[in-house]
Amino acid sequence: MTKIGVILRGKYGSRLVETVRSKTDMEVIAAEIPTYLPDFIDEPDEFFSTLDFDMKVFDADIIITYSLHPDITPEIARMAGKAGVRALIVPGGASKAPVKELEDISKEYGIFIEVDEICCNVESDPSTDDFTCFFGNPVLDVEIKDGKVSKVNVIRGAPCGSTWYMAESLVGTPIGEAGPKAGLLVSQYPCRAVRGQMGGIHESSELHKQEIEAAIKRKLASSEN
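If you're wondering where the values come from, they're calculated on a predicted model, not measured in any experiment. (Residues numbered from 1 in each chain as written. Predicted model: local features only at pLDDT ≥ 70, side-chain atom pairs only at ≥ 80, totals over all residues. Heavy atoms only, no water.)

**Student:** It is not clear to me how the sheet that holds strand 2 (residues 27–33) should be interpreted in this structure. Could you clarify?
**Tutor:** Strand-to-strand pairing in sheets goes through backbone hydrogen bonds, with the strands running parallel or antiparallel. The five strands lie next to each other as 2-1-3-4-5, forming an open sheet whose pairing is parallel. The open sheet has two edge strands with one neighbour each: strand 2 and strand 5 (112–116). Each strand of the sheet is rotated relative to its neighbour by a mean of 15°, with strand direction disregarded. Pairing of strand 1 (residues 3–9) with strand 3 (residues 62–65), which is carried by four bridges, proceeds in the parallel orientation. (Pairing = 2+ DSSP bridges. Helix = DSSP H or I, 4+ residues; strand = E, 2+ residues; numbered from the N terminus. Axes fitted to C-alpha atoms, helices over the stretch in contact; angles between N-to-C directions.)

The following block contains the structure:
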């Protein structure tokens, strides 16, 4: 059984833990770091040793870290690499993680590291396939009756759970309105992605809008054959 480690920071990461546990049979190991951290941490290894942190998280095969701190995240990457973790996913984007330093750590320890602004845009890689076959860029199958969405099957969805929320809420929607409504539903979901600017929740909404429209087209095309 694949073990997924999640490093939580305050509110960040809790929905991913809930979604992974409810949608898969993967084991989840969670560990927390403080919500409030200094802006600059000169000696992250020494600072980390002072935290009340569950080191069992490094028994995982894949870790998703919501450390969201450019000094703490590389230290987590080093510890993961030394522990033999095969992949580290870093949400929050390059502003929260020093990409070049993480690339060097990846090469040194042979650990796959991916930095993404949003978790519903995580790329598939052999080292993360156990996770990304369930979570990442949305993949949907739609059932249609009388010109309306009668069911949305989530094949792969956002790890925050927004895809499943959208899928349930779209039932009964005319297919011509499903795309815009899908985007609106995702933007209304209490996701932790950045709001008020391009990217973040806007990118997530657009991904879901495009996929529901594509799923409807696939269904209509198959029904004509």
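There is more to say after this.
**Student:** Hey, could you run me through helix 6 (residues 162–169) in this one?
**Tutor:** Because each turn of an α-helix spans 3.6 residues, side chains separated by three or four positions in sequence point in the same direction. Of all the residues in helix 6, the buried ones are Ser162, Thr163, Trp164, Met166 and Ala167. Check the buried side of helix 6 and you find it contacts helix 1 (14–23), strand 6 (139–145), strand 7 (148–156), helix 7 (178–188) and helix 8 (201–224). (Buried < 20%, exposed > 50% of the residue type's maximum accessible area, 1.4 Å probe, protein only. Contact = heavy atoms within 4.5 Å.)

**Student:** Looking at this model, I keep getting lost on the nonpolar core. Mind explaining?
**Tutor:** Soluble globular proteins tend to pack their nonpolar side chains together in the buried interior. Among the nonpolar cores identified, the biggest contains 34 residues, and Val6, Leu16, Phe131 and Ile212 are the most heavily contacted of them. Membership of the second largest hydrophobic core comes to 26 residues, among which are Ile7, Ile76, Ala77 and Val90. (Core = buried A, V, L, I, M, F, W, Y, C linked by side-chain atoms within 4.5 Å.)

**Student:** Is there a simple way to explain the pairing of strand 5 in this structure?
**Tutor:** Sheet faces and side chains relate simply in a regular strand, where the side chains alternate between the two faces. By the bridge criterion, five bridges tie strand 4 (residues 87–91) to strand 5 in an arrangement that is parallel. What sits directly across from valine 90, in strand 5, is valine 115. In the classification by handedness, the crossover that spans strand 4, the intervening helix 4 (residues 99–109) and the parallel strand 5 is right-handed. (Right-handed = clockwise from strand over helix to strand, strands pointing away.)

**Student:** Is there a simple way to think about the pattern of salt bridges in this case?
**Tutor:** Working definition: two side chains of opposite charge can pair if their charged atoms are close together. Per the stated rule, a full pass over the model turns up seven salt bridges. Residues glutamate 75 and arginine 78 are paired through a salt bridge, measuring 3.7 Å at the closest nitrogen-oxygen approach. Residue glutamate 75 and its partner arginine 78 are located together in helix 3 (residues 72–83), separated by three residues, close to a single helical turn. You can call glutamate 75 buried: its relative accessible area is 12%. By relative accessible area, which is 25% here, arginine 78 ends up partly exposed. Of the charged contacts, one joins aspartate 104 and lysine 100 as a salt bridge, the two residues approaching to 2.9 Å between their closest N and O atoms. (Salt bridge = Lys/Arg side-chain N within 4 Å of Asp/Glu carboxyl O.)

**Student:** Looking at this model, I keep getting lost on unusual backbone geometry. Mind explaining?
**Tutor:** Only a minority of non-glycine residues have a phi that is not negative, and only a minority of peptide bonds are not trans. Although it is not a glycine, leucine 68 sits at a positive phi angle of roughly 55°. Inspection of the secondary structure puts leucine 68 in the loop between strand 3 and helix 3. Owing to a relative accessible area of 17%, leucine 68 belongs among the buried residues under this scheme. Backbone geometry at aspartate 146 places phi at a positive 55°, although glycine is not the residue there. Relative to the elements of secondary structure, aspartate 146 occurs in the loop between strand 6 and strand 7. Taking the relative accessible area as the measure of exposure, aspartate 146 reaches 72% and is therefore exposed.

**Student:** Please clarify how the side chain of serine 127 should be interpreted in this entry.
**Tutor:** Turning to its location among the elements, serine 127 is positioned in the loop between strand 5 and helix 5 (129–132). Among the residues examined, serine 127 registers a relative accessible area of 13% and is labelled buried. Dropping the residues within four chain positions of it, serine 127 is found in contact with Ile62, Arg86, Ala87 and Phe112.

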